[in-house]
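Tertiary structure, described
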Amino acid sequence: MISIAHKIELKPNNKQKTYLCKAFGCSRLAYNWGLAEWKRMYESGEKPSGREIRKHFNAIKKEQFPFTSEVTKCACDQSFLDLDNAFKRFFKKTSAYPQFKKKKGGKGSFYLQTDCIALSETNNGSKSFKNLIHNIDGKHQYIRLPNMKRGGWVKMCEHIRFNYTKINNAVISQSDGKFYISFSLEITEDEYYRTHHHADSENKNRKVGVDVGIKSAFILSDGIAIDNPKPLKNNLRKIKRLSRQLSKRFHPKTKEERLKGVGKSNNYIKLSVQLAKANGRVANIRRDFLHKVTTILTTHYGEIAIEDLNVKGMTKNHRLAQSIADSSFGEMRRQIEYKAKTNGVKVLKVDQYYPSSKTCSVCGEKKENLTLHDRIYHCKKCGATLDRDYNASLNLLGQLTNHKIGTDYPESTPADLTAPRSRFTLNRIATSKVETGKQHKSSVSHVNAMIL
Ligand SMILES: [Zn+2]
């Protein structure tokens, strides 16, 4: 059995939206109440725990927070377990001290445990079934919001796409004005391999170094440059324009003005919705792109070397921060790591202080005065001229293979690249050959030979 997450957009009507927002609120309230109680218990010398605090909350909720009974009890209950986990992470020193949750515009989530989840093919629950292997007969699938007296069946944008044996739980969340449900499904191994790409055994021997480029999104050490998706650029331009316009609409510009009660104009509100949507679209395009790239990488190569970049430090560098791949580099690394685990791929995180860009991949000379403007790496010692990012990716590959500087890398023949290239093309990911470098020369002559 393998458990996977499956996220689907919800299409709630207005009443259902109200319910969802109430549930988000209750979940947040319980968390914050629990955190305050935790602090109080700790200071008075008691030993706080999520379970204990949940008991305290349940004892007073009917009187103090009667509205919590309007939504599912899971919304509150889970918050105390979340709090427990947050403190566990804090004690393990993997995250900071838990903070109070703020009511931020359009954000929130709540949890549904398995026995609260009911699915139906109709919007009134007839022919409903619970945790069974579904059949795609009806046009839509609906999920029931517990405790909603009438009209509690929310339309989902699509059917659950897997033949699952069990729904473990689900989380309903909101971001950018949209609502989502994320199921945790148990599926059989066969179903997993039916629905997911997995590596051929011959891929085990393929090794690749992946460098985050500035012009291209990623550069692979076998000479493929992966371009950023085009819609991203257009949408980023749109975001820039919208935020410029938004700043000119009437709204409180300082904290003092906000405290004085300066309101937001209708035009400001309308435009900010548009901006949120555009931002959401960019995030979606980026996520989609990263998922496709990381899936191809982890199924086509057996060993991957990536830079273990300090993402926080990098965003301080303005030029780099603007590069799209960089700002989602942390996410890319996360995806590669978890997909590598399921595919049995080895990932080497090269130390962030290893000078992959500055070192000449041919002779090992270190160029200290390399700037971001230098698109081409030209080595003064041995005369090698390569694309800057391509040079870096070769150095990363070198870390993987214990490559001796000064010897040639095993050149990949063009035939080797057909498989990943066709997968990239199939997924509409633009790739190009790296423009300079010795490998390029050989492949150009090869291409010419084919044309002749
Ligand atoms: Zn050199």
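Quick caveat: nothing in here was measured; it's all calculated off a predicted structure. (Residues numbered from 1 in each chain as written. Predicted model: local features only at pLDDT ≥ 70, side-chain atom pairs only at ≥ 80, totals over all residues.)

In this section: the sheet that holds strand β1 (residues 2-11). As summarised here, the arrangement of the seven strands in space is β2-β6-β7-β1-β5-β4-β3, forming an open sheet in which the pairing is antiparallel. Two strands close off the open sheet at either side, each with one partner strand: β2 (108-113) and β3 (119-120). (Pairing = 2+ DSSP bridges. Helix = DSSP H or I, 4+ residues; strand = E, 2+ residues; numbered from the N terminus.)

Taken as a whole, the protein shows an average pLDDT of 82; of its residues, 85% reach a score of 70 or greater. Across residues 130-136, where pLDDT falls below 50, the model places 10 contacts with residues more than four positions away in sequence or in other chains. Counted against residues more than four places away or in other chains, residues 437-452, with its pLDDT under 50, gives 14 contacts. (pLDDT = per-residue confidence, 0-100. Contact = placed C-beta atoms within 7 Å.)

This next bit is on the sheet that holds strand β8 (residues 207-212). Through backbone hydrogen bonds, the strands of a sheet pair up, either in parallel or in antiparallel fashion. Strands sit in the order β12-β11-β8-β9-β10-β15 across an open sheet of six strands; the sheet is mixed. The open sheet is flanked by β12 (346-350) and β15 (431-433), the only strands paired with a single partner. Here the strands of the sheet are splayed against their neighbours by 25 degrees on average, with no regard to which way each runs. Sheet topology note: the strand β10 (residues 224-226)/β15 ladder contains three bridges and is antiparallel. Bridging from a neighbouring strand, I224 pairs with K433 of β15. Contacting β8, β11 (303-307) and β12, helix α11 (residues 329-343) crosses the sheet at an angle of about 160 degrees to β11. (Axes fitted to C-alpha atoms, helices over the stretch in contact; angles between N-to-C directions.)

A few words now on the nonpolar core. Membership of the largest hydrophobic core comes to 39 residues, with the highest contact counts inside it found for A23, C26, A30, A75, F110 and I172. Those elements that provide at least two residues to this core are α1 (14-43), α2 (50-64), α3 (73-91), β2, β4 (141-144), β5 (153-156), β6 (164-175) and β7 (178-187). Broken down by element, the residue count for this core peaks at 11 residues, all from α1. For I172, the contacting residues outside a window of four places in its chain are L20, S109, F110, L112, F179 and I181. Counting 35 residues, the second largest nonpolar core, distinct from the first, contains V212, M332, I336 and V350. (Core = buried A, V, L, I, M, F, W, Y, C linked by C-beta atoms within 7 Å. Buried ≥ 20, exposed ≤ 12 C-beta atoms within 10 Å, placed from the backbone.)

Our focus in this paragraph is helix α12 (residues 388-401). Quick reminder: α-helices carry 3.6 residues per turn. Residues three or four places apart thus point the same way. When the terminal C-alpha atoms of α12 are compared, their 20 Å separation across 14 residues agrees well with the 20 Å that a helix rising 1.5 Å per residue should span. Along α12, 11 of the 14 residues are buried, which leaves the element largely enclosed by surrounding structure. Every buried residue belonging to α12 is among R388, D389, Y390, N391, A392, S393, L394, N395, L396, L397 and G398, and all of these are buried. In the core, the buried residues of α12 are packed alongside β8, β9 (218-220), β11, β12, β13 (376-378) and β14 (385-387). (Expected span 1.5 Å × (residues − 1).)

The end-to-end C-alpha separation of α3 is 28 Å, in line with the 27 Å expected for 19 residues at 1.5 Å each. Three or more residues of α3 are buried, namely C74, A75, C76, Q78, S79, F80, L83 and A86. Considering only its buried residues, α3 is in contact with α1, α2 and β2. Just downstream of α3, K93 is the residue with a positive phi angle, here 65 degrees.

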